[in-house]
Amino acid sequence: MQLGLWAVETVMRCGGVLEQPAGSKLWEAAKLPALGDHRDPFLYTVYLEQSWFGFPTPKPTWILICGVPRAWLPALPFVLMPKSLVPFNQLNQAERSRTMEPLANWLCQVSRATWWSLPNCANLPNQSRA
């Protein structure tokens, strides 16, 4: 849990994304916005299924997004579901933890769209720039 809380703190400070299984206890522990919470246009949670990106099972996932207005989100890919999906419990640990390249690319696109990546935002307070 400590690593998860550190990751949340880092995303909140620097902008970007954090991916967790849907239903993650991290959301409650860190008081993160629930699905459908639209109070903050720059901090929200989106739901996706990793099968949309080619994963062999739906793998429901929550993505915390910080610093990217919803209108700036790259389009989610549309992938037809395979005829049969593998049950999640039939995947080994390495297979369950795998991130498909299209999802990794989408997450990187979202991270690159944060307000900190904009040239006129170079001096925003509370940011960490590499």
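Just so we're clear, the structure is a prediction, and the values are computed from it rather than from any experiment. (Residues numbered from 1 in each chain as written. Predicted model: local features only at pLDDT ≥ 70, side-chain atom pairs only at ≥ 80, totals over all residues. Heavy atoms only, no water.)

A.B. asks: Whenever I open this one, the nonpolar core confuses me. Can you help?
C.D. replies: If you look at soluble globular proteins, the nonpolar side chains tend to sit buried side by side. In this structure, Ile63, Ile65 and Trp106 are the most contacted members of the largest nonpolar core, which totals 16 residues. Ignoring any residue separated from it by four or fewer positions in sequence, one finds Ile65 in contact with Gly16, Val17, Phe42, Leu43, Tyr44, Val46, Leu73 and Val110. (Core = buried A, V, L, I, M, F, W, Y, C linked by side-chain atoms within 4.5 Å. Buried < 20%, exposed > 50% of the residue type's maximum accessible area, 1.4 Å probe, protein only. Contact = heavy atoms within 4.5 Å.)

A.B. asks: Whenever I open this one, the side chain of Asp37 confuses me. Can you help?
C.D. replies: Here Asp37 is to be found in the loop between helix H2 (26-29) and strand E2 (43-49). The class of Asp37 is buried, set by a relative accessible area of 16%. Only 2.6 Å separates the side chain of Asp37 from the side chain of Arg39, close enough to count as a polar contact. Filtering out sequence-adjacent residues up to four positions away, Asp37 remains in contact with Tyr44 and Arg70. (Helix = DSSP H or I, 4+ residues; strand = E, 2+ residues; numbered from the N terminus. Polar contact = N/O pair within 3.5 Å; in protein donor to acceptor, adjacent residues only side chain to side chain.)

A.B. asks: Just checking my understanding: could you explain helix H1 (residues 2-14) for this structure?
C.D. replies: With 13 residues, H1 should cover 18 Å at 1.5 Å per step; its first-to-last C-alpha distance of 18 Å lies within 8% of that length. Taken together, the buried positions of H1 are Gly4, Ala7, Val8, Thr10, Val11 and Cys14. Projected down its long axis, H1 carries its buried residues within an arc of 165 degrees, all on one side. Residues of H1 that are exposed and point more than 90 degrees away from the buried face comprise Gln2 and Trp6. If you follow the buried residues of H1, they end up packed against strand E1 (16-21), H2 and strand E3 (60-66). Among the residues trailing H1, Gly15 stands out with phi positive, at a value near 85 degrees. (Expected span 1.5 Å × (residues − 1). Arc of directions from axis to C-beta.)

A.B. asks: I would appreciate a short explanation of the pattern of salt bridges in the present structure.
C.D. replies: It is possible for side chains of opposite charge to pair when their charged atoms get near one another. A complete count under the given rule lists 2 salt bridges for this structure. The closest approach of N and O atoms between Glu9 and Arg13, which form a salt bridge, is 3.6 Å. Within this pair, Glu9 and its partner Arg13 are both found in helix H1, separated by 4 residues, close to a single helical turn. We classify Glu9 as partly exposed; its relative accessible area is 47%. On the basis of relative accessibility, which here comes to 31%, the residue Arg13 falls in the partly exposed class. (Salt bridge = Lys/Arg side-chain N within 4 Å of Asp/Glu carboxyl O.)

A.B. asks: Which parts of the structure should I look at to understand unusual backbone geometry?
C.D. replies: In most cases, non-glycine residues show a negative phi, while peptide bonds are predominantly trans. Phi is positive for Lys31, which is not a glycine, with a value near 55 degrees. Mapping Lys31 onto the fold places it in the loop between H2 and E2. Located in the positive-phi region is Lys59, a residue other than glycine, with phi close to 45 degrees. Position of Lys59 relative to the elements: it lies in the loop between E2 and E3.

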